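# Understanding the architecture of this molecule
Residue-level listing of the chains:
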Amino acid sequence: ECGVPYVLLGEVGLGVSGATTIRGEMFRVSSETMKSLDEYEGVGKGYYKRVEVMVVVGKRTERCFMFGLHTSLDGLSTDCVVSEYTKVLHEKLYQPIRHIELKQHRYLSIPTDVAS
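None of these values were measured; they are calculated from a predicted model. (Residues numbered from 1 in each chain as written. Predicted model: local features only at pLDDT ≥ 70, side-chain atom pairs only at ≥ 80, totals over all residues. Heavy atoms only, no water.)

## Some words on the overall build of the chain
Spelled out, the test is: A run of H or I in DSSP becomes a helix once it reaches four residues, and a run of E becomes a strand once it reaches two; helices and strands are each numbered from the N terminus. Categorising residues by exposure relies on relative accessible area from a 1.4 Å probe, with only protein chains included: less than 20% of the type maximum marks a residue as buried, more than 50% marks it as exposed, and the intermediate range marks it as partly exposed. The contact definition used throughout considers only heavy atoms, calling two residues in contact when any of these lie within 4.5 Å. All accessibility values rest on the Shrake-Rupley procedure with a 1.4 Å probe; residue burial counts only the protein chains present in the view.
Scanning the chain from N- to C-terminus turns up 3 helices and 2 strands. A burial count over the chain gives 23% of its 116 residues as buried. Across the chain, contacts joining residues at least 24 apart in sequence account for 58% of those joining residues at least 6 apart. Split by element, the accessible area of the chain, about 8,800 Å² in all, is 54% carbon and sulfur.

## Describing the pairing of strand E2 (residues 60–69)
Just so we agree on the cut-off: When DSSP finds two or more bridges between two strands, those strands count as paired.
The pairing of strand E1 (residues 48–57) with E2 spans 10 bridges and is classified as antiparallel. The residue bridging Val53 from the neighbouring strand is Cys64, located in E2. Between E1 and E2, which pair antiparallel one after the other, the connecting turn spans 2 residues, and Gly58 there sits at a positive phi close to 65°.

## Quick notes on the packing of aromatic side chains
Definition in use: Only Phe, Tyr and Trp rings are paired, with Trp represented by its six-membered ring, and only when their centres lie within 6.5 Å; those with planes under 30 degrees apart are stacked, over 60 edge-to-face, the remainder tilted. Charge over a ring is defined by NZ of Lys or CZ of Arg lying within 6 Å of the ring centre and within 35 degrees of the ring normal.
Evaluation of the coordinates by the stated rule reveals 1 aromatic pair. With a centroid separation of 4.9 Å and 85° between ring planes, the pair formed by Tyr47 and Tyr48 is classed as edge-to-face. Since its relative accessible area comes to 16%, Tyr47 is described here as buried. Positioned above the aromatic ring of Phe65 is the side chain of Arg50, whose terminal nitrogen or guanidinium carbon lies 4.7 Å from the ring centre.

## A look at the environment of Met66
In this structure, Met66 sits in strand E2. Met66 sits 17 residues away from Lys49 along the chain, and the two C-alpha atoms are 8.2 Å apart.

In short, the description is geometric, and any link to function would need to be established separately.
Take a look at the structure:
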């Protein structure tokens, strides 16, 4: 609805043989930053879940965390599946004001028409 990409955890083979490959970026962050990311992503409110995954970087494999949805939520589409969310797609799809409105509604229980 606002062009934000998300991984629907129940739809990919995370932790199951034949796991799906997801292209993305990897960052090393402090435990304090990870707590802030959990808060930002709504982990404590059950919106996103943080899961441990194995990431292939060149010829080595590293344990990392990623965020994804437990199940699809009302208003979020599962129709558009992309192999990689690129800057071109971001510029085409992302609607920042709508994204903020949705976060307010879902995270803070503030009606989305307040900003209108």
